[in-house]
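Residue-level structural notes
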Amino acid sequence: MHLMLVARVAGVLGGLAWVVRHVADVEALRWPGLILLAVALAAYGAGLVSRSATWLRAIVALCLPLLVWSVVEVAHGSGDDSLVDAVTGAAVALVSLAGMVRARAARQPAGAHAA
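These lines cover the structure that appears in this document, whether it is placed above or below. Small disclaimer: the values here were computed from a predicted structure and weren't measured. (Residues numbered from 1 in each chain as written. Predicted model: local features only at pLDDT ≥ 70, side-chain atom pairs only at ≥ 80, totals over all residues. Heavy atoms only, no water.)

Right, let's talk about the pattern of salt bridges for a bit. Any two side chains of opposite charge can pair if their charged atoms end up close together. A complete count under the given rule lists two salt bridges for this structure. One salt bridge connects Arg21 with Glu27, and the closest N-O pair in it is separated by 3.4 Å. Arg21 sits in the buried class, given a relative accessible area of 5%. Measuring nitrogen to oxygen at the nearest pair gives 2.9 Å for the salt bridge that ties Asp85 to Arg21. Of the two residues, Asp85 sits in helix α4 (residues 81–107) while Arg21 sits in helix α1 (residues 3–24), which places them 64 residues apart along the sequence. With respect to burial, Asp85 and Arg21 carry one shared label: buried. (Salt bridge = Lys/Arg side-chain N within 4 Å of Asp/Glu carboxyl O. Buried < 20%, exposed > 50% of the residue type's maximum accessible area, 1.4 Å probe, protein only. Helix = DSSP H or I, 4+ residues; strand = E, 2+ residues; numbered from the N terminus.)

By themselves, these observations are geometric and do not establish any function.
So this is what it looks like as structure tokens:
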């Protein structure tokens, strides 16, 4: 499976899990959502680096989720933790969904949209 497809699917599922967790007050979705979002962010991070620099891909794959986590933890100090998580999840889900739409549009042959 392609790395960006894994990132996008995990981002959408993890983000939706955190949004549902906040809206429906289902605390059981916290950890599955966190794991899916971490996978998505790690895959996005690895995708930022050329395939020839494997060691650098591994470092960036580790650092991007940690960077996002640190920003979210700072935001947790300002209010409702569940709401901060839901906004974070929604942002990752929207970015992932937009990536899916863009990838699908790029696969269509030129002129396919013309009637």
